[in-house]
Amino acid sequence: MDDILKEFNEILGNVKSYINYQKMCGVDVCPRESIVDRSDEPERQIDMGERLTNEIDNIQRETEEIVPPKSAKNSGDISGLMKELESCTRCKLAEQRTKIVFGEGNLDAKLVFVGEAPGGEEDKTGRPFVGRAGKLLTKIINAMGLEREDVYIMNIVKCRPPENRNPQPDEIKTCEPFMLKQLALINPKIICTLGTFSSQTLLRSSVPISKLRGQFHDYHNIKLMPTYHPAYLLRSPTKKRDVWEDMQMIMKEYER
Ligand code: URA
């Protein structure tokens with residue numbers, strides 16, 4: 001009986017993973033299989049992925065323990081750090097930025113995403129990853145079975161570089177201590193660096209992201225998984241498969 005249950009759970013897990021990968025790729029609906037001839041009706045679609053995922057979630061929820069509400073044990077320290085950054089003029093990015101994009105999410109997060117630098121939407125709103133690339137990141141997080149509120153999201157550079165150019169070494173150097181303090185306060189189990197800049201900066205490496213990704217690296221006893229930046233995925237959607245592989249490795253570690 002145990003073996004059957006185990007196999008059943010494995011199959012459920014695989015189906016869920018497949019559906020979530022499809023969702024991450026933007027497949028939200030699939031055509032309904034025709035039982036009666038509907039050829040003269042306009043095409044109807046149902047959200048099959050969502051329905052299956054909900055059903056699987058329901059089964060799993062029934063067997064899950066009740067999780068205590070998320071605490072914000074570091075909120076005092078984090079707000080102190082935010083205060084330190086307030087009206088920052090430590091580097092030239094201060095001249096053209098609208099808002100400092102500090103980072104947001106669960107201060108007890110087991111998983112932290114570290115991006116590069118805010119773009120236009122982020123500069124306007126003061127929130128990380130809310131533009132097009134951010135929406136894809138949210139999809140990836142959801143496909144992992146998590147919400148944005150479960151993780152913490154931040155960048156290595158807190159102000160938008162003009163015209164979205166790459167952050168320059170002096171800007172990264174000036175801002176990096178704040179990112180390091182944030183990481184130290186949150187003390188996650190896993191860090192996922194998004195793209196070349198954050199991966200190479202944290203790992204002190206010049207190895208291309210294509211070679212860094214796909215495996216965990218040690219970052220002061222924290223497991224660090226570099227992966228492609230969502231903005232790159234928007235330009236090269238075929239790389240989503242690689243990112244999904246990286247996310248599955250993260251989820252295995254996350255659930256351990
Ligand atoms: N790209 C990033 O690296 N960070 C953001 O916050 C938005 C886009």
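To be clear, the structure that these remarks concern was listed above.
Read on for an overview of the structure. (Residues numbered from 1 in each chain as written. Predicted model: local features only at pLDDT ≥ 70, side-chain atom pairs only at ≥ 80, totals over all residues. Heavy atoms only, no water.)

So, about helix 6 (residues 169–186). Compared with an ideal rise of 1.5 Å per residue, which puts 18 residues at 26 Å, helix 6 spans 25 Å between its outermost C-alpha atoms and is within 8% of the ideal. At Cys175, helix 6 shows its maximal bend, which comes to roughly 40 degrees, and the proline Pro177 appears one to four places after that position. Of the positions making up helix 6, those classed as buried are Glu171, Ile172, Cys175, Glu176, Phe178, Met179, Gln182, Leu183 and Ile186. Looking at the packing, one finds that the buried side of helix 6 touches helix 3 (75–85), strand 4 (111–115), strand 5 (152–155), strand 6 (190–194), helix 7 (195–203) and strand 7 (217–219). Positive backbone phi, at 50 degrees, marks Asn187, one or two positions downstream of helix 6. (Helix = DSSP H or I, 4+ residues; strand = E, 2+ residues; numbered from the N terminus. Expected span 1.5 Å × (residues − 1). Bend = angle between axes of the 7 residues up to and from the residue. Buried < 20%, exposed > 50% of the residue type's maximum accessible area, 1.4 Å probe, protein only. Contact = heavy atoms within 4.5 Å.)

Packing of helix 6 against helix 7 leaves a shortest axis separation of 12 Å and a crossing angle of 75 degrees. Relative to helix 7, the element helix 6 lies roughly perpendicular. Here Ile172, Glu176, Met179 and Leu183 of helix 6 lie close against helix 7, whose contacting residues are Phe197, Thr201 and Leu202. Class assignment for the residues of the contact of helix 6 with helix 7 results in 5 nonpolar, 1 polar and 1 charged. (Axes fitted to C-alpha atoms, helices over the stretch in contact; angles between N-to-C directions. Parallel < 35°, antiparallel > 145°, perpendicular 65-115°, else oblique. Nonpolar A, V, L, I, M, F, W, Y, C, P; charged D, E, K, R; others polar.)

Another aspect to go through is the packing of aromatic side chains. Applying the stated criterion to the full structure yields 1 aromatic pair. Ring centres of Tyr228 and Tyr232 lie 5.1 Å apart, and the angle between their planes is 45 degrees; this geometry places the pair in the tilted category. Exposure remark for Tyr228: the relative accessible area of 7% places this residue in the buried category. Across from the ring centre of Phe178, 5.7 Å away, lies the NZ or CZ of Lys181, which sits over that ring. (Phe/Tyr/Trp six-rings, centres within 6.5 Å; stacked < 30°, edge-to-face > 60°. Lys NZ or Arg CZ within 6 Å of the ring centre and 35° of its normal.)

One non-glycine residue with positive phi stands out, namely Glu163, at about 55 degrees. For Glu163, the location among the structural elements is in the loop between strand 5 and helix 6. We note that Asn187 has phi near 50 degrees; this positive angle belongs to a residue other than glycine. Within the element layout of this structure, Asn187 appears in the loop between helix 6 and strand 6.

Moving on, we get to the site of the ligand. As a matter of local geometry, the ligand sits amid Gly115, Glu116, Ala117, Pro118, Glu122, Pro128, Phe129, Asn155 and His229. Between the ligand and Phe129, the relevant distance is 3.0 Å, taken from an oxygen atom to a main-chain nitrogen or oxygen of the residue. His229 is positioned such that a nitrogen or oxygen atom in its side chain is 2.8 Å from an oxygen atom of the ligand. Coverage of the ligand by the protein chains reaches 91% of its 240 Å² of free accessible surface. One can see that the ligand is located within the second largest pocket. Along the lines of polarity and charge, the residues of the shell around the ligand split into 4 nonpolar, 3 polar and 2 charged. (Near = heavy atom within 4 Å. Polar contact = N/O pair within 3.5 Å; in protein donor to acceptor, adjacent residues only side chain to side chain. Areas by Shrake-Rupley, 256 points an atom, 1.4 Å probe, with all protein chains shown as cover. 1 Å grid on protein atoms, 1.4 Å probe; cavity = no way out; pocket = protein on both sides within 12 Å on 5 of 7 lines; lining within 4 Å. Sits in = over half its atoms within 2 Å of the grid points.)

On to helix 5 (residues 132–143), then. A rise of 1.5 Å per residue sets the reference length of helix 5, with its 12 residues, at 16 Å; its end C-alpha atoms lie 17 Å apart and thus fit the reference within 8%. When we look at burial in helix 5, the residues that qualify are Ala133, Gly134, Leu136, Leu137, Ile140, Ile141 and Ala143. As for helix 5, its buried residues are in contact with helix 1 (2–24), strand 4, strand 5, strand 6, helix 9 (230–235) and helix 10 (240–255). The positive-phi residue at the C-terminal boundary of helix 5 is Gly145, with phi of around 85 degrees.

Take the side chain of Asn155 next. Among the structural elements, Asn155 can be located in strand 5. Of note is the side chain of Asn155, whose polar atom sits 3.1 Å from the backbone nitrogen of Glu116. Not counting residues within four places of it along the chain, the set of residues in contact with Asn155 comprises Val101, Val114, Gly115, Glu116, Ala117, Pro118, Pro128, Phe129 and Met179.

Our focus in this paragraph is the sheet that holds strand 4. With mixed pairing, 6 strands are arranged side by side in an open sheet as 3-5-4-6-8-7. Both edges of this open sheet fall to strand 3 (104–105) and strand 7, since each of them pairs with a single strand only. Direction of pairing for strand 3 relative to strand 5: antiparallel, over a ladder of 2 bridges. Following the sheet pairing, Glu104 is matched in strand 5 by Ile153. (Pairing = 2+ DSSP bridges.)

What follows covers the pattern of salt bridges. Enumeration over the complete set of coordinates arrives at 12 salt bridges. Close ionic contact of Glu86 with Lys83 constitutes a salt bridge, the shortest N to O distance being 3.8 Å. Residues Lys92 and Glu171 are paired through a salt bridge, measuring 3.0 Å at the closest nitrogen-oxygen approach. Highlighted residues: Lys92 in the loop between helix 3 and strand 3 and Glu171 in helix 6, separated in sequence by 79 residues. The class for Lys92 is partly exposed, based on a relative accessible area of 35%. With a relative accessible area of 0%, Glu171 lands in the buried category. Within this structure, Lys92, Arg165, Asp170 and Glu171 form a network of salt bridges that share partners. (Salt bridge = Lys/Arg side-chain N within 4 Å of Asp/Glu carboxyl O.)

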